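Report on the structure
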Amino acid sequence: MSRRAAPPPSASDPLAPQGERFRHDLTRALGHEPAGPLLFAVSGGPDSMAMLTLAAVALPGAVHVATVDHRLRPAAADEAAMVADHCATLGVPHATLVPAEPVAGASIQAAARHARYALLTAHARMIGAEAVATAHHVDDQAETFLMRAARGSGVAGLAGVRARTAIDGVAVVRPLLDWRRAELRAIVRRAEVPFVDDPSNHDPAHDRTRFRRLLDANEWLGPPQLARSAAALAEADGDLRAIVDWLWAERASESGGAVRIAMTGLPRELVRRLARRAIGRVIEGAGIVAPRWSESANIEPLLDALAAGRRATQAGVVVSPGSREWRFRPAPARRSH
């Protein structure tokens, strides 16, 4: 079924110029004119409330909102209610989403992020939204870049937050990646939009808070410049992904749960990416659940061993180097005594 494009903002609205800019940025992130409906993730903070304000101006009739209450802070329920009340004044549909199970794990923030996107993408599918939009902006991108650089991330990690990605088969877009935190806060103040400041954003126990303070205290660390570097790396990462897709089609073969790849003559970055893909395919095919595998796992010792001609194992996958091909297969089960 074809969808009618949402009408542009009314020129009589005092926020019309910002609304038009937002619509342009959203269109660029989507890759096409917004045809709605779109699901906007709004926590109640100034950034997401500014996004809601801009969306209501730019996309009348196409805006749906969801607020995730992770049940990690007692105040979160009141914040979700505040967003719901404001959406009611705008005539915008709103839903509060709550995880079915308590958020837990070694990294609460990572677990909360996983739960949040699972809820948002499921709700987007339920309402037929073409994408989920989040309020990541220039300053978020700069903080992410520095955090990942401090951890020794490669090209993919330093690329930071992408303007468009897919999570659980749903498009997720970030239309505010060219907007500064200060101008978003100015929008909600000027429009007298309610918002709350999440106290966790000021908790020095979190890495992001420490890097935010670093940026605030050092003006020479320009967030726009850092964000541009992240964008350039995202473009380079996209090119590398395309090359890996081509190499996989040309050099990889799958049979009987094993993967073979001709690695001869390839630079280490391409070998690294092909090896990660092969490990993931073997794990998926064999249903290996432990040890846990992550796309961000360190495989440098594995690559060093294989380059030296030694067999090595990663996440339940044994890799055997040959003169022309590397073979990836499930590691044999350990014998019990």
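Residues numbered from 1 in each chain as written. Predicted model: local features only at pLDDT ≥ 70, side-chain atom pairs only at ≥ 80, totals over all residues. Heavy atoms only, no water.

1. A closer look at the UniProt feature "binding site: ATP" (unreviewed entry) in the chain
Quick reminder of the rule: UniProt positions are given in the numbering used here, feature names are shortened, and annotations may be inferred rather than shown by experiment. Put simply, DSSP marks the helices as runs of H or I at least four residues long and the strands as runs of E at least two long, and each gets a number from the N terminus on.
Following the UniProt record, the feature "binding site: ATP" (unreviewed entry) maps to S43, G44, G45, P46, D47 and S48 here. For S43, the position within the fold is in the loop between β1 (38-41) and α2 (46-58).

2. Considering the side chain of H86
In plain terms, the rule: Here, two residues are considered to be in contact whenever any of their heavy atoms come within 4.5 Å of each other.
With respect to the helices and strands, H86 occurs in helix α3 (residues 76-90). Not counting chain neighbours up to four residues away, the residues in contact with H86 comprise M49, L52, V193 and P194.

3. Some points on the sheet that holds strand β3 (residues 94-97)
Put simply, the rule is: Pairing between two strands requires that DSSP report at least two bridges joining them.
The mixed open sheet is built from 6 strands, whose spatial order is β3-β2-β1-β4-β6-β5. One side of each edge strand has no neighbouring strand; the edge strands of this open sheet are β3 and β5 (164-167). In this sheet, strand β2 (residues 63-68) lies alongside β1 in parallel orientation, the contact comprising 4 bridges. Its bridge partner lying in β2, L39 is registered against H64.

4. A short note on α2
So the rule is basically this: Given a helix with a known number of residues, its expected span is that number minus one, times 1.5 Å. Three exposure classes are used, based on accessible area relative to the maximum for each residue type with a 1.4 Å probe and protein chains only: buried under 20%, partly exposed in between, and exposed over 50%.
Here α2 contains 13 residues, and its C-alpha end-to-end distance of 18 Å stays within 8% of the 18 Å for a straight helix at 1.5 Å per residue. A large share of α2 lies buried, amounting to 12 of its 13 residues. Restricting attention to buried positions, one finds in α2 the residues P46, D47, S48, M49, A50, M51, L52, T53, L54, A55, V57 and A58. In this structure, the buried side of α2 is in contact with α1 (16-30), β1, β2, α3, β4 (132-133) and α7 (181-190).

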